[in-house]
Each structure stands twice: as structure tokens, then as C-alpha cells.
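Each chain is listed here by its residues.
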Amino acid sequence: AQSVTQLDSHVSVSEGTPVLLRCNYSSSYSPSLFWYVQHPNKGLQLLLKYTSAATLVKGINGFEAEFKKSETSFHLTKPSAHMSDAAEYFCVGSYAGNMLTFGGGTRLMVKP
Amino acid sequence: GAGVSQSPSNKVTEKGKDVELRCDPISGHTALYWYRQSLGQGLEFLIYFQGNSAPDKSGLPSDRFSAERTGGSVSTLTIQRTQQEDSAVYLCASSLYSGISYEQYFGPGTRLTVT
């Protein structure tokens, strides 16, 4: 079965420092990959997506992710964390083009 | 424009009762998806509708779960004889068409608690 694994269930950073949220995917074939963010009591919002064009993908709110086939990774980064970035982040794969396969989620905490 | 809406936002029901959860997709979106977000299982796909085609029910956990989509728009997810393990947040999403090129827009979810 296809799968997406988020390596950290919780990440804590200080405001102004870099953010790294790690994601690996199963490699039977290259999926399309997405990062979604979920703020408390809010719906899921798409941050960015990779669909086999450029391997470095830029998203909203200063986030970006790099697709590395050799490492089967799609890590999410941001140079400088903001308090408003505190949320749960989901790395998501689309293997069949329709349904989404979600990672377990990473809760990002930002300390002042 | 209006996003995906779901109702009710919260539902508490007794074990063994039936519940119906409603999803109003974005107008004009032909694809509609149901997902479930629970503590033990994370976020998982349940069912998917595309236009008038037969739905993909491959994610439904048991035959107590069913869904329909009337007139290619509103969808209802029905859970019969609810069990405590059905407690979760049920998310609906829609997209203009199916396929990876089309972003799925999510509703706020319905939090179901089975007592």
C-alpha cells in the first residue's frame, strides 16, 4: 500500500528561527505530494503541491518544499517562524489521482 | 465565494443510533470526497464521487457507512447503528474535477461523538 510518513509528531521552534517538518513517501512510483495546514477548529488549507514539474515548490506564507526522489522525501521548510504558523501540518500523497493519503500530522509549536 | 460547508458542526449521539452528516460542496465542483479524522487512525479517505459516475467506496470501514450525492451537489454521509469507535471529525472536500491538478477544498468538518 502507498503511504506517507511524517517523521515528527511534534516540532517546537522559537519565533524567528527556521522551520523543518519532515515527510517521506513510499516509492513504488512517484506520487503527487502536498502539504496542508490545519489551524485549530479550522478546515484544511493547501500550502503547496508538487506534481512532477519543478522539484522546489513555493507555497503560501513563505513555506516551501523540495521533492527529492533519491531520498523519497518532501520536507517542508520556512526560513523564519511566525507565531501564526502554530498549527498541525499534514504531508499528503496522491497516488491514484483521486483520493488523498495523509501522513500522521506534525503539530508545530512556536515559542515567543 | 462560499466554501465547502458541513452540518452539523457538532453531533452527539447515543451508541446504536443512526446519524446523517451533510456536505454542501463549492458550486460547480464535480468531485466530492469524504474523509475521517480520528485519534487512532489519523486522516483517512472514506468515499469519493465524480459527476454521475459510481462512487469509489473503497475507504468505507464497514457496511454501516453509506453516502449519497443528490443532483451532483449536496452529499449525505449516513452511519447506521453508531459505535463508539465512529467518534471522529468527518471532513468533506470538493474539487472542480477529479485528479491531481485540481485542489481539494475542505470544509470545517463535523465532530461526531458517540456516547
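One can find the structure itself at the top, above this paragraph.
Note that this is a predicted model, so its numbers are computed, not measured.

Asker: What's the story with the overall build of chain B in this structure? I'm lost.
Answerer: Across its full length, chain B carries zero helices and ten strands. Starting at the N terminus and ending at the C terminus, chain B contains elements arranged as β-β-β-β-β-β-β-β-β-β. For 115 residues, the compact-globule estimate of 2.2 N^0.38 gives 13 Å, and the C-alpha radius of gyration of chain B, at 13 Å, lies within 12% of that figure. Taken over the C-alpha atoms alone, chain B extends approximately 40 × 30 × 25 Å along its principal axes. In chain B, which comprises 115 residues, the share counted as buried stands at 46%. Considering only intrachain contacts with a sequence separation of at least 6, the fraction spanning at least 24 residues in chain B is 56%.

Asker: Could you clarify how one ought to interpret unusual backbone geometry in this entry?
Answerer: Negative phi characterises most residues that are not glycine, and trans characterises most peptide bonds. That bond from Ser7 of chain B to Pro8 of chain B is cis: its omega, -10 degrees, falls within 30 degrees of zero. By the secondary structure assignment, Pro8 of chain B is in the loop between β1 (5-7) and β2 (10-13). Located in the positive-phi region is Thr72 of chain A, a residue other than glycine, with phi close to 45 degrees. Unusually for a residue other than glycine, Arg81 of chain B sits at a positive phi of about 45 degrees. Residue position: Arg81 of chain B is located in the loop between β7 (75-79) and β8 (88-95).

Asker: Just checking my understanding: could you explain the sheet that holds β7 of chain B for this structure?
Answerer: Backbone-to-backbone hydrogen bonds join strands into a sheet, with any given pair of strands oriented parallel or antiparallel. All names here are of chain B. Sheet architecture is open: four strands sit in the order β1-β3-β7-β6, paired in antiparallel fashion. Each edge of the open sheet is held by one strand with a lone partner, namely β1 and β6 (65-69). Strand-to-strand twist of the sheet, defined as the mean angle between neighbouring strand axes without regard to direction, takes the value 15 degrees. Taken together, the five bridges between strand β3 (residues 19-24) and β7 define a ladder with antiparallel strand orientation. Opposite Cys23, over in β7, you have Ser75 as the bridge partner.

Asker: Please explain the pairing of β7 of chain B as it appears in this structure.
Answerer: Every regular strand shows the same layout, with side chains that alternate between the two sheet faces. For β7 of chain B, the buried fraction is high: four of the five residues fall into the buried class. Hairpin connection between β6 of chain B and β7 of chain B: a loop of five residues separates the two successive antiparallel strands, and Gly71 of chain B in this loop has a positive phi of roughly 60 degrees.

Calculation criteria
- Residues numbered from 1 in each chain as written.
- Chains lettered and ligands numbered in written order.
- Predicted model: local features only at pLDDT ≥ 70, side-chain atom pairs only at ≥ 80, totals over all residues.
- Heavy atoms only, no water.
- Helix = DSSP H or I, 4+ residues; strand = E, 2+ residues; numbered from the N terminus.
- Rg over C-alpha atoms; globule rule 2.2 N^0.38 Å.
- Buried < 20%, exposed > 50% of the residue type's maximum accessible area, 1.4 Å probe, protein only.
- Contact = heavy atoms within 4.5 Å.
- Pairing = 2+ DSSP bridges.
- Axes fitted to C-alpha atoms, helices over the stretch in contact; angles between N-to-C directions.

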